[in-house]
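So the chains spell out like this:
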Amino acid sequence: MSPGSIDSLERMTPTELIGLVRRLLGEAERLRAENEKLSAAIAGQRAENQTLKDEIARLKHLPPRPPHRPSGMEKATEGPERGGENAKDEASKRRRGPGVSKLSIDRAETLSVEAPAGSRPKGFEEIIVQDLMRKAETARYRRERRETADGERLIAPLPAGIVGGCGPHLIRLAPMLHFQAG
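Residues numbered from 1 in each chain as written. Predicted model: local features only at pLDDT ≥ 70, side-chain atom pairs only at ≥ 80, totals over all residues. Heavy atoms only, no water.

**Student:** Got a sec to walk through the overall build of the chain? Specific residues and values, please.
**Tutor:** Assigned secondary structure in the chain consists of five helices and four strands. Order of helices (α) and strands (β) in the chain, N terminus to C terminus: α-α-α-α-β-β-β-β-α. Residue burial in the chain is summarised as follows: out of 182 residues, 11% are buried. If you take every contact in the chain between residues at least 6 apart in sequence, the share linking residues at least 24 apart comes to 53%. Summing over all exposed atoms, the chain offers an accessible surface of approximately 15,400 Å²; the carbon and sulfur share of this is 56%. (Helix = DSSP H or I, 4+ residues; strand = E, 2+ residues; numbered from the N terminus. Buried < 20%, exposed > 50% of the residue type's maximum accessible area, 1.4 Å probe, protein only. Contact = heavy atoms within 4.5 Å. Areas by Shrake-Rupley, 256 points an atom, 1.4 Å probe, with all protein chains shown as cover.)

Following this line, the structure appears as structure tokens:
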């Protein structure tokens, strides 16, 4: 508002001010109704536009638009009711941890380390090794760990040919497939 219009408001009587406020409220209500009409018209135009785009894609033999699904963020923020059985069902369906837990172990071996006298056992270190022969085989090696009297840590070595989580047959197969099968 300009300084001159403030002066004119100060000179108005209370009944004139009430009339002005009523006119402004009526104008605001009229603009709100017009805005709602325009918003509805825009939504209709958008729907019609998308229908036409889908029709053009169909006539051009393009793949159809993927279905619009809710993101699921609303469900994630609400959270299940505490203590209900639904919460347990949903939690059990979620995938947890690496895919190693889904492997079936075909063979398990415990490896020992040659340690000097006086060393203490410190448990085992497990490694999952996948190998490929005529059949897939998964082996779990339990590598014994020990600590010597002077504090040195010893771990049982893996059998020859095992690198990381792959067995010797799988290691030989990868380059062979690369060079022969392209």
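That shown, we press on.
**Student:** Please provide a residue-by-residue account of the packing of aromatic side chains, values included.
**Tutor:** Across all of its chains, the model carries zero aromatic pairs by this definition. Its end group placed over the ring of Phe 124, Arg 142 keeps NZ or CZ at 4.1 Å from the ring centre. (Phe/Tyr/Trp six-rings, centres within 6.5 Å; stacked < 30°, edge-to-face > 60°. Lys NZ or Arg CZ within 6 Å of the ring centre and 35° of its normal.)

**Student:** So, helix α5 (residues 168–181): which residues are in play, and what are the values?
**Tutor:** In this model, α5 (14 residues) spans 20 Å end to end at C-alpha, consistent with the 20 Å of a helix rising 1.5 Å per residue. Phi turns positive one or two residues past the end of α5, at Gly 182, with a value near 75°. (Expected span 1.5 Å × (residues − 1).)

**Student:** How would you summarise the environment of Pro 159 if you had to cite specific residues and measurements?
**Tutor:** With respect to the element layout, Pro 159 can be found in the loop between β4 (153–155) and α5. C-alpha of Pro 159 to C-alpha of Leu 111: the two residues are 48 residues apart in sequence and 8.9 Å apart in space. Setting aside anything within four residues of it in sequence, one finds Pro 159 in contact with Leu 111 and Tyr 141.

**Student:** Before we move on, can you summarise the nonpolar core with the specific residues and values?
**Tutor:** If you look at the biggest cluster of nonpolar residues, it comprises nine residues: Leu 111, Val 113, Ile 127, Val 129, Ala 139, Tyr 141, Leu 154, Ala 156 and Ile 162. When neighbours within four sequence positions are excluded, Tyr 141 is seen to be in contact with Arg 107, Glu 109, Leu 111, Glu 125, Glu 126, Ile 127, Val 129, Leu 158, Pro 159 and Ile 162. (Core = buried A, V, L, I, M, F, W, Y, C linked by side-chain atoms within 4.5 Å.)

**Student:** Can you tell me about unusual backbone geometry, naming the residues and giving the values?
**Tutor:** Of note in this structure, His 61 is not a glycine but carries a positive phi near 60°. You can see His 61 is positioned in the loop between α2 (14–59) and α3 (73–78).

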